[in-house]
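Chain and residue survey
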Amino acid sequence: MKFWTEADKLRDKLNLHARGELYSNYSLMPISWFRVGGCAEILFVPKDEEDLKYFLSRKPEGIPITIIGGASNLLIRDYGIPGIVIILGKAFNYINLIEDKRINIGASVPNKKISNFALKNNLQGFSFLNTIPGTLGGSIKMNAGAYGSEIKDILYSTKFIDTSGNIKKKSIADIKYKYRTTDISDKMICVSSILEGGFAGKDDIKQEIEKFKFLRNTTQPIKERTGGSTFKNTENKKAWELIRDAECDKLAIGGAMISQRHSNFIINKGNASAYDIELLGETIIERVKKKTGIKLEWEIKRMGLGPEVTL
Ligand SMILES: Cc1cc2nc3c(=O)[nH]c(=O)nc-3n(C[C@H](O)[C@H](O)[C@H](O)COP(=O)(O)OP(=O)(O)OC[C@H]3O[C@@H](n4cnc5c(N)ncnc54)[C@H](O)[C@@H]3O)c2cc1C
């Protein structure tokens, strides 16, 4: 594993501005759903919102900042992530009903917890979140969705802190949401959001959640080391169909292979590197382009540094 040689010095410098936890050369592999990737040069877990704001406003200029949520949609490269990686820990894991149909949610709350809270309060529109791994913050950034719903359908407003420590509140109209993407800049850290649902009976909501769980369990490799759908679906064809049509569904590189359950999922058989996974992804893109003329786009976010991937 590669270590960042100046990391301890940088941590000591940053320590002056933080009440939260600061680590140097922190291995991100155990938190990544793919179970690959190198170290964060610095990992910062803020004590609370004030701490995050203060830290960002005081940190020296020019250090890259990367925000990570549940790391369920990430491919963290093998040499790791330079600069400061921020993970919002338990201080951001709160959830409160603020009005009849509105919930205020901290950015580190897992999607499943949001859906279960909505069920408890007879709120509909949140069931799709029950089966999507990850946290609110990552889901706001990705416009996470499943079974015909997306987070934008229930979003009322979001609070961000930018990488200079300024608070920015945005309503749904201020953000452009498209399929699995938004125009939220990488410099904006979502710290909380208000989501809004409608009322429904508990039994109906429960039934919907059970249906989605069943669909998920029977069609996707949810117990594997994976980052979910690798590529975005295209307007006319699902990514998994394009991959199958280009005869890529049996491809494997090193420890990375295509799931036999769902051909748009790459899985780590146990010993894959991030390089294996990225090379497999790029190989698929090239083969699909050759066969169909369509260029698949990564849905998984690739972060950090690693060996160059060339075909
Ligand atoms: C088995 C499996 C199934 C999946 N199924 C689905 C599915 O059905 N639908 C779907 O949409 N996705 C799915 N995903 C992908 C993933 O779960 C979602 O994209 C999820 O919303 C990512 O949340 P996260 O907290 O893990 O974000 P991460 O993976 O940590 O980050 C994703 C992006 O969000 C950014 N980010 C994270 N936190 C914040 C924050 N607080 N503020 C600003 N930006 C932030 C990161 O910088 C990164 O760009 C699946 C993944 C797996 C492993």
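Per an unreviewed UniProt entry, the chain goes by the name UDP-N-acetylenolpyruvoylglucosamine reductase and belongs to PS1 clade bacterium. The UniProt entry for the chain carries the following text under Sequence similarities (unreviewed entry): "Belongs to the MurB family." If you open the UniProt record of the chain and go to Subcellular location (unreviewed entry), you find "Cytoplasm".

Side note on the pairing of strand 15 (residues 188-196)
The element strand 15 is largely enclosed, with a buried count of eight among its nine residues. Across five bridges, the pairing between strand 7 (residues 102-106) and strand 15 is antiparallel. Pairing of Arg102 across the sheet is with Glu196, part of strand 15. One ladder, built from seven bridges, connects strand 11 (residues 155-162) with strand 15; its direction is antiparallel. From the neighbouring strand, Asp162 faces strand 15, where its bridge partner is Met188.

Thoughts on the domain arrangement of the chain
Segmenting the chain into domains produces domain 1 (7-87), domain 2 (92-204) and domain 3 (223-303). Placing the centre of domain 2 and that of domain 3 at their C-alpha centroids yields a distance of 28 Å.

A short note on the nonpolar core
Counting residues in hydrophobic clusters, the biggest one holds 84 residues, and the most contacted among them are Ile42, Val85 and Ile277. Element by element, the count of residues in this core is highest for helix 7 (residues 274-292), at seven residues. Apart from the residues lying within four places of it in its own chain, the contact partners of Val85 are Ala40, Ile42, Leu43, Thr66 and Ile68.

So, the site of the ligand
Around the ligand, 31 residues are found, and the nearest of them are Gly69, Gly134, Gly137, Gly138 and Gly228. Looking at the shell around the ligand, the elements with two or more residues in it are strand 3 (65-68), helix 4 (136-142), strand 9 (145-146), strand 15 and strand 17 (225-229). Take the shell around the ligand: its biggest share by element is five residues, from helix 4. Broken down by class, the residue content of the shell around the ligand amounts to 15 nonpolar, 13 polar and three charged.

Parameters at a glance
- Residues numbered from 1 in each chain as written.
- Predicted model: local features only at pLDDT ≥ 70, side-chain atom pairs only at ≥ 80, totals over all residues.
- UniProt positions renumbered as here; feature names shortened; annotations may be inferred.
- Buried ≥ 20, exposed ≤ 12 C-beta atoms within 10 Å, placed from the backbone.
- Helix = DSSP H or I, 4+ residues; strand = E, 2+ residues; numbered from the N terminus.
- Pairing = 2+ DSSP bridges.
- Domains from an automatic or database assignment.
- Core = buried A, V, L, I, M, F, W, Y, C linked by C-beta atoms within 7 Å.
- Contact = placed C-beta atoms within 7 Å.
- Near = placed C-beta within 6 Å.
- Nonpolar A, V, L, I, M, F, W, Y, C, P; charged D, E, K, R; others polar.

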